[in-house]
Amino acid sequence: MPAEQRGELLFTGIAQQLPAGRVATSEDIAESYVYLAKNGFTQGSVVLIDGGAHLV
């Protein structure tokens with residue numbers, strides 16, 4: 001099996017275990033970054049962009 005196919009299977013398996021049902025895209029991560037950059041009242045926070053993996 002080519003490495004590319006193995007990678008796709010890995011991501012599919014991980015996505016099925018997440019509450020979000022998918023892995024993050026670069027847009028998901030960028031949106032979180034922009035939110036933190038725009039919000040001047042949020043200080044010293046850690047934002048987990050993991051599709052809810054920390055909940056399971």
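Residues numbered from 1 in each chain as written. Predicted model: local features only at pLDDT ≥ 70, side-chain atom pairs only at ≥ 80, totals over all residues. Heavy atoms only, no water.

**Structural notes on the overall build of the protein chain**
A tally of regular secondary structure across the protein chain gives two helices and zero strands. The C-alpha radius of gyration of the protein chain comes to 15 Å, more than 25% above the 10 Å expected for a compact globule of 56 residues. C-alpha extents for the protein chain along the principal axes are approximately 50 × 25 × 15 Å. Here the protein chain, with 56 residues, has 7% of them falling under the buried criterion. If you sum the accessible surface of the protein chain, you get close to 4800 Å²; carbon and sulfur atoms cover 60% of it. (Helix = DSSP H or I, 4+ residues; strand = E, 2+ residues; numbered from the N terminus. Rg over C-alpha atoms; globule rule 2.2 N^0.38 Å. Buried < 20%, exposed > 50% of the residue type's maximum accessible area, 1.4 Å probe, protein only. Areas by Shrake-Rupley, 256 points an atom, 1.4 Å probe, with all protein chains shown as cover.)

**Details of the environment of Asp 50**
Within the element layout of this structure, Asp 50 appears in the segment after helix H2 (26-38). Each C-alpha atom, one on Asp 50 and one on Pro 19, is 9.6 Å from the other, the two residues being 31 residues apart in sequence. Here Gly 52 takes part through its backbone nitrogen, which lies 3.0 Å from a polar atom of the side chain of Asp 50. A polar atom in the side chain of Asp 50 sits 3.0 Å from the side chain of His 54. (Polar contact = N/O pair within 3.5 Å; in protein donor to acceptor, adjacent residues only side chain to side chain.)

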